[in-house]
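Overview (structure and organization)
So the chains spell out like this:
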Amino acid sequence: HFFVFFFIPRMLRSSLGPLLLARGPRSCSWPHRGAVILPSAQISVNESSAWQGRLHYSTPRPARSHDHGDAAHSADSSSAADCSCDHDHHCSAEAPSENHCGRLAIDEALKCDVTAEDATMEDIVKQAAKLLPTQGILENFVHRNPYQKFEEMSFNDCNDYVHVAESHMSPGERVFRLVNVDPRSRANHAVVDLASVFLDRGAAKWVPRFRHRGFLYLFASLENLGFSPWRRPARLAAKRVLEALDKDKIDPQVLSATILRENLEFLGIPKSAWTHTVRSMMMELKGWAGMFHRMETAPAEAPVNVKVSLLEFCAVQSLLLNASISSIGQQEGWVPAAMPFSAWISKIPGRREVHQEAHVLHPSALSYAEQSSRAEERSRLEEKFESAILRAIGDNSVSKDSDRPQLQLYTCIDDREGSLRRHAESISPEVETFGVAGFFGVPIEYRAADGSDPVVLAPEGNVPCGTLVEGDRGDNSVARFNRRRRLVYKMSLLWEKASFSPVGSLGLSLLFPLSLARLYVFGFAPTIRQKMKDLLLDPFLKTPRTDFQLPFPPDVGATLLARTFKNVGVQETRRFAPVVIVMGHGATSVNNPFMAAYNCGACCGHEGGPNARLFARLANDRVVREHLKKNHDITIPDDTVFIGALHNTTAETITYYDLDALPGSHSERFAAAQGVLEQARGKNAFERCQRFLLAAEVKTEKEALRHVLLRSIDPAEARPELNHATNAAVVVGRRELTKGRFLDRRAFLPSYDPFADDERGTNLELVLAPALVVASGINLEYLYSTISHEHHGPGTKAPLNVVGNIGVLQGTRGDLRPGLPTQMTEMHVPIRALIVIDAPVDRVRAVLGRREDIHRLIRNEWVRCVVRDPSSNQYFRYRGGLYMPVEMDMLDMSANLTFKEHREHALGVTRKETMMYWMGIGGMVLSCALPIYMSGVYVMDTRGLLVSICGTALSLPVLAFARRYLHGEHLFGRFSLLTVGLTLGFNLVSCATSMHHALAGWSLLGFASTFLIGFYSDRQSVRNNATFAFAAYQISDLALLAAVACAHMASPANASIVAGGLLLSSLYKSSQFPLTALFARSMEGPTPASALGYAGLSAHVGVVFLAYTMPLWFQLDWARFALGAAGLFTAAYGTMMAKIRADRKGAIANATSATVGLIYAVLATGHEDAALVLSFGHAAFRMTQILRSPSHLADSRRYRDALNNKPLAKAVPDWLYKLSWVFRRMDTDFHVMNALQRSSRLFNMSFIPKSDMLSRLQQAALTAGCLVVANFPFTPYSMMLEHSVISLFPEHPYLAAALMVGEFGLSVLAIRFLFFNVLDARRRFSSAKCLVGRSKGTTKPQASDSPTLPPKH
């Protein structure tokens, strides 16, 4: 050990030192990684000139914006009308200096960030909150520009301002840079624990009764229930807060402002920098801070009767952060009485250097080189796309067909509907289609017949014109349906409640045939699940026929319809077809927390079917038609019938409304129309399948329809559809401009007839405003989530954890992650949307002059704009307020939007995944067959063969589930290998011929589990929790080794050591007291890994092993009592923690450990067969529960409906909740990572480089060395250690114990070093993307990623 610990590092230094870079302190905050420190401690407004030229067109710093309307206007607000020269639609006059104007805009914004002397703390927090995310709860997900509140600034100026504004370091980061121990980690974890239960909307089973009193009161009431030494100042502050709120009746807002001010003064921050400091602290938990701000400004999204305050959040965060800073500072030599904090920290300046961000690559293995964060590369792609789209539209004259169409189709402007329109038009020349914003001009509040919460179906910010209330048709069918639906949901809710009770869980475990069948359906046959639902549930829950009354008077309805008819240019009688289908759109998927993001953006993230149904009902109403004719000069022919419909863009199905009201004279015509749409949806599904990489076997339209339907019902499908990926354009104009063009679902297509409008652009304004606002929000969110996925997106869906029914986490603790996951952006090309407007320039100028909200989007270049004059067919590009002619001959004729190279790359990745998947399946089968074959009849317990088969049977469907769920993950091959290793370890234990032979499998199980936990090692919490888990597994391994060493020595003392070793090894492996936090901390890896390891094999291997070895411990009374007591205590302990946790995976983890504890109690009574059966059944249903944990948001809504919208969580007595919180704090206050960090600093490892600097050979060598030192099984080192311990124990037990203790410390440090210094996901996918570029001879992006636009037909 001395040789390994002392000489090897120095040998590595001498041999590798010249080749490796010195490693500096690492920050756990992504925006700060690799930044250079400037000498100044504060930012000055006058400094902007020093960085302006360097930052223009720079990559935006990953940040968020929020409300404040005092940002200065960009100089781009100049228009052609302001120019004094003569021109025709364009001007050659020089615009104001862009650098100068941008500097002025940013200077003005920076002035607002300097805290005035008379500023109140509320003003400071409000100003600091401008960079926070603005996304609402997941249930109300609406695409929006992350920098929506900065649209008064230009696109580039905003990015530069955010870059500079985020350059300030928080006090915690400055301490970290000074002492290399991060005070933010534990403080942030404490804040997250409190915030998750405070903002919870029904995910936790228990809530405190005093939550309504505010976040500050919640903190003060719960803080004194812990024992962590570093939180002692926070506990003292909590007592004073309770006295102030309860006795002195001080307003919480006033008290919060006082607390925050005192903490800033304690830190020595000058008042002028308070805004920067508060912002930098909030940005450490920007997701949670943003959700507090969102719920404060939108109280309808907050928990019922809970007042949310961002100021209280900041006060609590400052208390906990200052406590952590004080503790670490004093340990590092800071004496508060002798030196103020500002003097101690003065060695570290207050901000980082403002510099251009390095190239950031997309983390998905399926992404390609086009997903670039470099602004210059994106600009080149934007120019190529503009050339391609303008050439596709062309500059030739277009004419409208004068013949009356036989079918008209009104759809949303959505890019996903564009392909359906194209296919419908290609099937029949008598089909005419129009694109209308998905609420179809009828903004309503919708109250569904099922009694769910009312929702607004209109663009965000629109005021509904009325409330549409669904009801039955006098046959009581709706009431009957609701009663039956509530009965079904209540049964589901009973299952849910039973799963969080140890006794109830044992009852569910007895249903193991059902649970196992369900697990196999999830993994291998997801369609059977839907077929069983259709067969058994649908007849019982037959959808009722609903009806509704018009929500507003006929004249109002006529006015709303007239706007839409005039906008699209069908006000003439002959332009109405006999059959007009008005088709809204929505989406369905399962196991998907982002389900609302797939719905209609113009309906606030809900389905647009009710709007389409209402539009058709209005258009068919005789009174409404009379008002249309009388007041708006629009005559709808008597033979025209409107039919409402809903297009499911995921399953590619179409549902029609009110067909019973269809006149018999139109039955044949509707049948023909329906036939056209049936063919169109088949063609559309087939086109979509060209980008679904697991749909390579699809060869026909019928197969394509089956495939897309499967994706919508498959719980393992992370990509039910690609949604708005690749969106890049908005073409506002006549359909004739784009008809017959293959735009590859990249363009929003709002219909507008320029020849039916006045010169003021009345109709153009009504079309352009919602189209531009909605489409730009979608486009910009996709852009930022693609190029800045770590800061503007939640990352991959694989490890996501739904928390509080409001958002998602990566793992079980950390920040809320707003934005779009990588599965929604991996096919996207991040370019700003190009708006093509088919209207005269003067008319466009007039509309923009009246609508500042859309003018600033164009003026400030958040979108790019080209105007096409409908008379001359001349294009004009908007730049700097001027409309410059576009020479078609000067366009890039080589530009095309090919998807071929991207698809070839992604198919190559898919083929490798398929190979690794089948190798994994084969490996799992062999991992069962080989141990059984090798052990034969000599197994330690004859039940071992059956247990091994059962363990493998549980593993196979999880790997099948992961094949789809982890599709596109870089380390899918490693995942397959680790799951095989996990299964092999379990089977080696099950089929072991002796305890000694079980050691290798026992250890292998721990190593495989550790690396599955550390799968996403780019996050610090993952590395910490993987190290924690490994430490627990090492204790378990060494306890078993001690039992093996004493097993052959016959004496009462040795028998007790053997029994104690067996109990300790099994309990620690199964997350029993005192390591009840093990399973919860293990939920950092992919969801399938969490299911297989910490609900399945690893969770129950201890029960299996103790059942095999009962003769060695069951005869000892104390052993039976200890096992039963530990199990029962864990059952109570884990249950209470599970009920107060608001994160889904963490709650299931605690419930799992609680139920396993009760199984141990059953085993302690001597019923080993019952314990094994219960373990198998419990593993089967827990694994399924974790696999479908992302669906908890949808489940909660169903449960809420079952309870008639009553709160799901139970408000328990204060003593019970506080007792549960005491248990929670016992887990969280046990924080060993800072101690490990300090201990590792004793050894000079500065010669080891950052992991992304290691070559593959260096990484492999270091990984192998660390694994050997960490006692990986089957190595000569591990065999030597086992032999040494077993040999020393009889004669020198203390020496053997010392050897094991030394090995424990060395192995934990080796694994920590491996995760922190060698393994890094960033290096993994960075090298992969570089290889993609080199394979083409360049690292530059290729043209783009869409099929080629063919010439006009």
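The structure we're discussing is the one just above.
Residues numbered from 1 in each chain as written. Predicted model: local features only at pLDDT ≥ 70, side-chain atom pairs only at ≥ 80, totals over all residues. Heavy atoms only, no water.

The subject of this paragraph is the overall build of the chain. What the chain contains, in helices and strands, is 49 helices and 20 strands. Residues counted as buried form 65% of the 1353 residues belonging to the chain. Counting contacts in the chain only where the partners sit at least 6 residues apart, residues at least 24 apart contribute 81% of the total. With the model as given, the accessible surface of the chain reaches about 47,400 Å², and the carbon-plus-sulfur share is 59%. (Helix = DSSP H or I, 4+ residues; strand = E, 2+ residues; numbered from the N terminus. Buried < 20%, exposed > 50% of the residue type's maximum accessible area, 1.4 Å probe, protein only. Contact = heavy atoms within 4.5 Å. Areas by Shrake-Rupley, 256 points an atom, 1.4 Å probe, with all protein chains shown as cover.)

Turning our eyes to something else, we now look at the sheet that holds strand β2 (residues 407–412). Read from one edge of the open sheet, 5 strands run β3-β2-β9-β10-β11, paired in mixed fashion. The open sheet has two free edges, formed respectively by β3 (431–436) and β11 (653–656), since each of these has just one partner strand. Each neighbouring strand pair of the sheet contributes to a mean axis angle of 25 degrees, computed without reference to strand direction. (Pairing = 2+ DSSP bridges. Axes fitted to C-alpha atoms, helices over the stretch in contact; angles between N-to-C directions.)

This part takes up the nonpolar core. Counting residues in hydrophobic clusters, the biggest one holds 205 residues, and the most contacted among them are Phe-219, Trp-288, Leu-310, Phe-313, Tyr-410, Phe-565 and Phe-642. Sort the elements by how many residues they give to this core and helix α26 (residues 762–787) lands first, with 14 residues. Leaving out residues up to four positions away in the same chain, Trp-288 has contacts with Val-192, Ala-195, Ser-196, Leu-199, Phe-313, Val-803, Ile-806, Leu-809, Gly-814, Asp-815 and Leu-816. (Core = buried A, V, L, I, M, F, W, Y, C linked by side-chain atoms within 4.5 Å.)

Our next topic: the pattern of salt bridges. For the structure shown, the criterion picks out 66 salt bridges. Note that Arg-416 and Asp-414 form a salt bridge whose closest N and O atoms lie 3.0 Å from each other. Neither residue differs from the other here; Arg-416 and Asp-414 are each classed as buried. Via salt bridges that share partners, Glu-470, Arg-473, Arg-545, Asp-547, Arg-613, Arg-617, Asp-658 and Asp-660 belong to a single interconnected network. (Salt bridge = Lys/Arg side-chain N within 4 Å of Asp/Glu carboxyl O.)

A separate point is a nonpolar patch on the surface. Where nonpolar side chains cluster on the molecular surface, the patch consists of Ile-528, Met-532, Leu-535 and Leu-536 and spans about 400 Å² of accessible area. Within the secondary structure layout, Met-532 lies in helix α20 (residues 526–537). Overall, Met-532 belongs to the partly exposed group, its relative accessible area being 42%. (Patch = residues over 30% accessible without salt bridge, like charges linked within 9 Å, V, L, I, M, F, W, Y side chains within 5 Å.)

Here is the key point about a regular strand: its side chains alternate between the two faces of the sheet. Along strand β14 (residues 800–803), one buried face is formed by Leu-800 and Val-802 and the opposite face, lined by Asn-801 and Val-803, is buried too. Sheet analysis places β14 next to strand β15 (residues 807–810), joined by 4 bridges and oriented antiparallel. Bridged to Leu-800 within β15 is Gln-810. Counted along the chain from β14 to the antiparallel partner β15, the turn is 3 residues long, and its residue Gly-804 has a positive phi close to 65 degrees.

Aromatic rings considered in pairs are described by the distance between their centres and by the relative angle of their planes. Taken as a whole, this structure holds 43 aromatic pairs when the rule is applied. Measuring from ring centre to ring centre gives 6.5 Å for Phe-141 and Phe-594, while their planes differ by 80 degrees; the resulting arrangement is edge-to-face. One end of the pair, Phe-141, is in the loop between α4 (121–128) and α5 (155–165); the other, Phe-594, is in the loop between β9 (579–586) and α22 (609–620), and 453 residues separate them in sequence. Residues Phe-141 and Phe-594 agree in their burial class; the two are buried. Measuring from centroid to centroid gives 5.1 Å for Tyr-917 and Trp-918, while their planes differ by 65 degrees, and the two rings are edge-to-face. (Phe/Tyr/Trp six-rings, centres within 6.5 Å; stacked < 30°, edge-to-face > 60°.)

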